[in-house]
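Structural features, examined
This is what each chain is made of:
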Amino acid sequence: MRRAIVTGTATVSGVVLLLGLKPHSDTPLAGKGTNNNFTITQSGAQGSQPGAPSAPSSSQSGSAPSSAPSSAPSSSAPSSAPSSAPAPAKSSAPAPAPAATTKNVTGDAVDTRYGPVQLEVTFNGKKITQIQVLQYPTETGRDQEINSYAIPQLNQQAMSAQSANIDGVSGATYTSQGYQQSLQSAIDKAGA
Amino acid sequence: MTVRHVEQVMGTVFSIAADDGAGIPAAVARLHALDAKFSTYRDDSPISRMARGEAVERDPEIAEVLRRCAEIEADTDGAFTAYPAGRLDPSGWVKGWAIEEVDRLLTAAGSRNHLIVGGGDVQARGEAELGRPWTVGIADPLHPDRYTALVRGRDFAVATSGTAERGAHIIDPATAEPATGFASVTLIGTRIAHTDAYATAVFAMGPERGLEWVEERAGIEAYAVLPDGATVETAGFARYLAG
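Throughout, a residue's number is its position along its own chain's written sequence, starting from 1. In the order they appear in the text, chains get letters beginning with A and ligands get numbers beginning with 1. Residues qualify for local features only when their pLDDT is at least 70, as the model is predicted, and side-chain atom pairs are given and counted only at 80 or more; totals for whole chains, interfaces and linings, by contrast, use all residues. Hydrogen atoms and water are omitted, and side-chain values are computed over all heavy atoms in the structure.

Regarding the overall build of chain B
The line we're drawing: Only runs of H or I of at least four residues qualify as helices and only runs of E of at least two qualify as strands under DSSP, and these elements are numbered from the N terminus. Partly exposed residues are those whose accessible area sits between 20% and 50% of the maximum for their type, while under 20% is buried and over 50% is exposed, using a 1.4 Å probe and protein chains only. In this analysis, two residues are considered to be in contact whenever any of their non-hydrogen atoms come within 4.5 Å of each other. Each accessible area is a Shrake-Rupley result for a 1.4 Å probe, and residues are judged covered by the shown protein chains and nothing else.
Check the secondary structure of chain B and you find six helices and 12 strands. Evaluated residue by residue, chain B yields a buried proportion of 56% over its 243 residues. Across chain B, the fraction of contacts at a sequence separation of at least 24, relative to all contacts at a separation of at least 6, is 55%. Summed over all atoms, the accessible surface of chain B reaches about 9,700 Å², with 50% contributed by carbon and sulfur.

Dropping the structure here:
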């Protein structure tokens, strides 16, 4: 009979991503329906992402104004202005303007067993560059626990899925499915 | 060109990606019909009425489901049961079976390549695109920012049982206590209904007995994350690992 093999190094770290957790209050998950910015943006480490803005985070919450990553992001997240115009006038340098345009799309609010989940997704062309969770269940401490675990993970999954050609995720459950559905609806609306 | 569809049903969401979406309407109708019959969240479903001890009309599908559950219970030495916590609830079989029904209807309508995800359980058929097999990420139960593994294949099923999102919710029928030996365990097989039911059973068995149980069976492999973060896999699992 064969025995199970113990391995310690199966962790996948092929996709380098930057988690942008930005708690606005004592608890990062307080307030149902508020715009808690569990955002995630793609780090510039992926050389194979031409055109993807490698902004470390969106502009709100005064995170460090990071020393200008290659190309400045053309839209600041909260304004929601679907800046489909090619880059704001500010750009003085002959920036390597990304060909694709940036737009924000709000996904459907999806009812899950635990409460509604709704996302706003920022696209640069067909690439997802940022995901914000607009609503998620926070009724109970358990919800908060679930979501503090699930939401960053889901963002990670969504962001890496497109770059690593991951077609599906095993292990997700109810909240995640609401997330996936809201994400999918945003993708559908974006025509991405 | 891939057709995508997402459907909220059975207390979760099913997502379908198919190279030919002709079968999607029939598959969606089938999912809702199964939900109406087997939902444990609807007081008026035949299963809920049976669970309350009410008489229900003879139904060949319900009989079939109960028979399958009994088979798997015997198969797993009681680690899987249609009566978790003492109450009739065959969901552990029905969800995977529903995914297989979607697979069957898509195939019947002409799709050769599709991926169906239902509440984190996956059935893959054919390939994602010409020459590229389907790739499925296994969520890391301990690290929100990572997958613990990526698996790849053409015709295969992936099911994960774990505590990360819903807490210790899988009861070990042997002790009537929540099972806590794994952070998560993922099974890979060919068809998702058995793969999913077995994943639940293996989770209840715990690492020592569960992984050995998998090793003794042809056609399934397992990958586990233990509560301390160590990972364990069966001997044949590596051939599914991507990258």
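Quick look at the overall build of chain A
In terms of regular secondary structure, chain A is built from two helices and eight strands. When the helices and strands of chain A are read in sequence order from the N terminus, they spell out β-β-β-β-β-β-β-α-β-α. With 192 residues in all, chain A has 47% of them scored as buried. Restricting the contact set of chain A to residue pairs at least 6 apart, pairs at least 24 apart contribute 57%. Summed over its atoms, the accessible surface of chain A is roughly 8,800 Å², and 56% of this surface lies on carbon and sulfur atoms.

Re helix H4 (residues 91–108) of chain B
The periodicity of an α-helix, 3.6 residues per turn, causes residues three or four places apart in sequence to face the same way. Residues and elements named next belong to chain B. The cut-off we apply is this: What a helix is expected to span follows from its residue count: subtract one and scale by 1.5 Å.
Here H4 spans 25 Å end to end across 18 residues, near enough to the 26 Å set by a 1.5 Å rise per residue. For H4, a buried count of 13 out of 18 residues is recorded, marking the element as mostly surrounded by other parts of the structure. Phi turns positive one or two residues past the end of H4, at Gly 110, with a value near 115°.

Brief notes about the packing of helix H1 (residues 24–38) of chain B against helix H3 (residues 60–75) of chain B
Residue and element names in this part refer to chain B. This is how the line gets drawn: Lines fitted to C-alpha atoms define the axes, with helix axes restricted to the stretch in contact, and inter-axis angles between N-to-C directions lie between 0 and 180 degrees. Just so you know how the angles are binned, under 35 degrees is roughly parallel, over 145 roughly antiparallel, 65 to 115 roughly perpendicular, and the rest oblique. Charged means Asp, Glu, Lys or Arg here, nonpolar means Ala, Val, Leu, Ile, Met, Phe, Trp, Tyr, Cys or Pro, and polar covers whatever is left, Gly included.
The geometry of H1 relative to H3 is characterised by a closest axis approach of 11 Å and an angle of 75° between their N-to-C directions. Taken together, the axes of H1 and H3 are roughly perpendicular relative to one another. Along its contact with H1, which presents Arg 30, Leu 34, Lys 37 and Phe 38, the element H3 presents Glu 61, Ile 62 and Val 65. By residue class, the composition of the contact of H1 with H3 is four nonpolar, no polar and three charged.

Brief notes about the side chain of Thr122(A)
Residue and element names in this part refer to chain A. Inclusion rule: N or O atoms closer than or at 3.5 Å make up a polar contact, with two conditions inside protein: a donor-capable atom paired with an acceptor-capable one, and, for residues adjacent in sequence, both atoms drawn from side chains.
Turning to its location among the elements, Thr 122 is positioned in strand E6 (residues 115–124). What makes Thr 122 buried here is its relative accessible area of 5%. Of the polar contacts made by the side chain of Thr 122, one reaches the side chain of Asn 104; its length is 2.7 Å.

Description of the sheet that holds strand E5 (residues 134–139) of chain B
Sheet strands pair by backbone hydrogen bonding; their relative direction is either parallel or antiparallel. Spelled out, the test is: Pairing between strands is defined by DSSP: at least two bridges between the two strands are required.
Taken together, three strands build an open sheet; the order of strands is E8(A)-E5(B)-E6(B) and the sheet is mixed. The sheet is open, and its two borders are formed by strand E8 (168–170) of chain A together with strand E6 (147–153) of chain B, each paired with just one other strand. Ignoring strand direction, the axes of neighbouring strands in this sheet form an average angle of 30°. Bridge count between E8(A) and E5(B): three bridges; the pairing is parallel. Note on E5(B): the bridge partner recorded for Val169(A) is Gly137(B).

Nothing here speaks to function; it is all geometry.
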